[in-house]
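Inside the fold
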Amino acid sequence: MVTVMSNLSQAVSSADYRAMAKRRLPAILFDYVDGGAYRETTLQRNASDFDDILLQQRVMRDMSVIETAIDLFGASLALPVILAPVGFAGMLARRGEVQAARAAAAAGIPFCLSTVGVCTAAEVRRDAGVPPWFQLYVTRDRGLVRSLLEQASAAASPVLVLTVDLPTPGARYRDQRSGMARGLGLTGQMRQAASGVAHPAWLWDVYLRGRPHNFGSLAAAAPAAADFAAAWQWIGQNFDPSVTWADLDFIRAHWSGPIIVKGIMAADDARVAVRCGVDGIIVSNHGGRQLDGVSSTIKALPAIADAVGGALPVLVDGGIRSGLDVLKAIEAGATACLLGRAWAFALAAGGEAGVTRMLGQIAAELRTAMVLTGRNSIMTREGA
Ligand SMILES: Cc1cc2nc3c(=O)[nH]c(=O)nc-3n(C[C@H](O)[C@H](O)[C@H](O)COP(=O)(O)O)c2cc1C
């Protein structure tokens with residue numbers, strides 16, 4: 001089975017999984033996950049702005065019953081948490097999307113498969129036993145979009161996440177330096193190869209045994225995911241910067257389930273989303289990987305939740321690293337939140353076992369925070 005790092009049992013926080021992932025992954029992949037756009041200020045703020053949110057400690061209430069489950073899009077989630085779409089996850093661990101989806105299923109929460117995932121929705125469904133949510137990037141070729149939607153429908157994906165904040169890839173300096181986002185000269189290529197060889201557990205488990213390494217859902221159209229620079233170039237050339245709200249009609253014509261729009265950072269955009277009849281929104285700045293200098297998501301959330309006024313579920317991601325952060329996001333107006341780097345690092349650190357362990361810790365931390373804030377149910381605020 002998957003090689004699990006011997007010190008996985010010592011990981012107690014997301015910083016621990018990050019440190020383990022850094023040791024296990026070739027630098028190009030660690031930087032791809034860890035990095036953000038430009039000077040990475042939004043990336044930093046997404047996490048650090050959680051520190052400004054103060055909770056109210058409450059005491060002497062009966063906290064013997066704690067309910068963390070929520071209902072979302074017709075399903076019951078054990079926690080108000082979803083694993084966010086993360087591209088190239090199958091390069092972080094062998095058939096990484098399947099491993100993460102198995103951990104999510106065991107924790108009773110959804111896993112969202114990226115358009116640029118290594119595994120297909122069909123493989124995830126077959127090997128994890130549960131169909132994933134599917135995340136869509138709109139490509140210039142609408143025939144390709146139709147094919148992606150058909151694959152997701154055929155795999156019984158229950159929810160479509162339409163990502164709208166990547167009409168063009170962000171300027172990610174780390175990825176440009178490492179060779180992830182552009183081709184390198186001979187010296188750079190040799191450095192990249194040496195970094196792979198210097199990480200034998202990854203080389204054996206992922207690079208050699210985790211094949212094929214293409215973008216599963218796009219295999220017929222795009223270069224292999226493992227050919228990083230070519231894959232990025234393809235993304236830059238094929239994602240459609242002309243997409244507008246009007247394109248929802250095309251998507252709806254080929255998708256019958258709920259549609260959530262991911263990448264909302266302005267209250268006005270949230271109001272348009274409500275008017276367009278989408279089923280949910282995700283307040284997201286793509287984990288600080290697109291527009292650096294935009295607000296953190298946790299600071300943007302309250303105004304957006306106000307603008308939506310309960311008309312539809314408002315999800316949030318960005319900088320969520322603990323169960324305490326999950327509670328803060330809910331207190332700030334979110335229905336649920338998504339984890340990005342938190343699961344990507346846990347996956348790289350320990351595969352399915354790593355993600356399972358991390359989710360168990362998030363659940364335990366959330367319960368602890370609820371007990372100490374006197375909140376019995378995550379869905380209701382009565383008695384607050
Ligand atoms: C390595 C990596 C790859 C990502 N790939 C995608 C993707 O393919 N599609 C997408 O909608 N978002 C993608 N995202 C953004 C995440 O879905 C999510 O919005 C973000 O990671 C949340 O921030 P956090 O990492 O601080 O939790 C990616 C994020 C990371 C870190």
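Further up the page is the structure itself.
Residues numbered from 1 in each chain as written. Predicted model: local features only at pLDDT ≥ 70, side-chain atom pairs only at ≥ 80, totals over all residues. Heavy atoms only, no water.

Structural notes on the site of the ligand
Note the threshold: In these notes, residues near a molecule or strand are those with any non-hydrogen atom within 4 Å of it. Polar contacts, as counted here, are pairs of nitrogen or oxygen atoms within 3.5 Å of one another; within protein the pair requires one atom able to donate a hydrogen and one able to accept it, and residues that are adjacent in sequence qualify only if both atoms are side-chain atoms. For the area figures, the Shrake-Rupley method with a 1.4 Å probe applies, and any residue is considered shielded solely by the protein chains shown. Residues are grouped as follows: Ala, Val, Leu, Ile, Met, Phe, Trp, Tyr, Cys and Pro are nonpolar; Asp, Glu, Lys and Arg are charged; all remaining types, including Gly, are polar.
Taken together, 22 residues lie around the ligand, and Pro-85, Ser-114, Tyr-137, Thr-163 and Asp-317 are the ones closest in. Measuring from an oxygen atom of the ligand, one finds a side-chain N or O atom of Ser-284 at 3.4 Å. For the ligand, the protein covers 99% of the area, taking 600 Å² as the surface of the free molecule. Each residue belonging to the shell around the ligand can be placed in one class, and the counts come to seven nonpolar, 10 polar and five charged.

Topic: the environment of Arg-209
What counts, and what does not: The helix count covers DSSP runs of H or I at least four residues long, the strand count covers runs of E at least two residues long, and both are numbered beginning at the N terminus.
Topologically, Arg-209 is positioned in the loop between helix H9 (200–208) and helix H10 (228–238). Taking the C-alpha atoms as reference points, Arg-209 and Arg-94, separated by 115 residues in sequence, lie 6.9 Å from one another.

Comments concerning the packing of aromatic side chains
The test is simple: Between rings of Phe, Tyr and Trp, where Trp is taken as its six-membered ring, a pair exists when centres lie within 6.5 Å; planes separated by under 30 degrees are stacked, by over 60 edge-to-face, and by other angles tilted. In this scheme, Lys NZ or Arg CZ marks a charge over a ring once it lies within 6 Å of the ring centre and within 35 degrees of the ring normal.
Using the criterion set out here, one finds 10 aromatic pairs in the structure. Between Phe-73 and Trp-133 the ring centres are 6.0 Å apart and the planes differ by 70°, which places this aromatic pair in the edge-to-face class. One end of the pair, Phe-73, is in the loop between strand E1 (70–72) and strand E2 (75–77); the other, Trp-133, is in strand E5 (residues 133–136), with 60 residues separating them in the sequence. Three or more aromatic residues joined by ring pairs make a cluster, and in this case those are Tyr-32, Phe-88, Phe-215, Phe-228 and Trp-232. The ring of Tyr-207 carries Arg-211 above its face, with NZ or CZ at 4.6 Å from the centroid. The ring of Tyr-32 carries the charged tip of Arg-289 above its face, separated from the ring centre by 4.9 Å.

Quick look at the sheet that holds strand E10 (residues 336–339)
To summarise the sheet geometry, strands pair through backbone hydrogen bonds and adopt either a parallel or an antiparallel arrangement. Formally: A pair of strands is treated as paired once DSSP finds two or more bridges between them.
The eight strands lie next to each other as E3-E10-E9-E8-E7-E6-E5-E4, forming an open sheet whose pairing is parallel. The open sheet is flanked by strand E3 (81–83) and strand E4 (112–113), the only strands paired with a single partner. Of the strand pairs in this sheet, E5 and strand E6 (residues 160–163) are connected by three bridges, and their pairing is parallel. In the sheet register, Leu-136 faces E6, and the bridge partner there is Leu-162.

Some remarks on the packing of helix H12 (residues 267–275) against helix H13 (residues 297–308)
Helix-helix packing is characterised by the crossing angle of the two axes and by the distance between the axes. As a reminder of what qualifies: Inter-axis angles, ranging from 0 to 180 degrees, are taken between N-to-C directions of lines fitted to C-alpha atoms, where helices are fitted over the stretch in contact. Note on convention: the crossing is left-handed when the near helix lies turned anticlockwise from the far helix by less than a right angle, right-handed when the turn is clockwise. Whether two residues are in contact is decided by their heavy atoms: any pair within 4.5 Å suffices.
The interhelical angle for the contact between H12 and H13, taken along N-to-C directions, is 30°, at an axis separation of 9 Å. The two elements H12 and H13 meet at a crossing, and its hand is right-handed. Residues Ala-267, Ala-270, Arg-271 and Val-274 of H12 form the contact with H13, whose own contacting residues are Ala-303, Ile-304, Ala-307 and Val-308. Along the lines of polarity and charge, the residues of the contact of H12 with H13 split into seven nonpolar, no polar and one charged.

A look at the packing of helix H4 (residues 96–107) against helix H5 (residues 121–128)
What counts is decided by this rule: The labels follow the angle: roughly parallel below 35 degrees, roughly antiparallel above 145, roughly perpendicular from 65 to 115, and oblique for the rest.
H5 packs onto H4 with a crossing angle of 50° between their chain directions and a minimal axis gap of 9 Å. Judged by the inter-axis angle, H4 sits oblique to H5. The two elements H4 and H5 meet at a crossing, and its hand is right-handed. Along the contact surface, H4 presents Glu-97, Val-98, Ala-101, Arg-102 and Ala-105, while H5 presents Glu-123, Val-124, Asp-127 and Ala-128. Split into classes, the residues belonging to the contact of H4 with H5 amount to five nonpolar, no polar and four charged.

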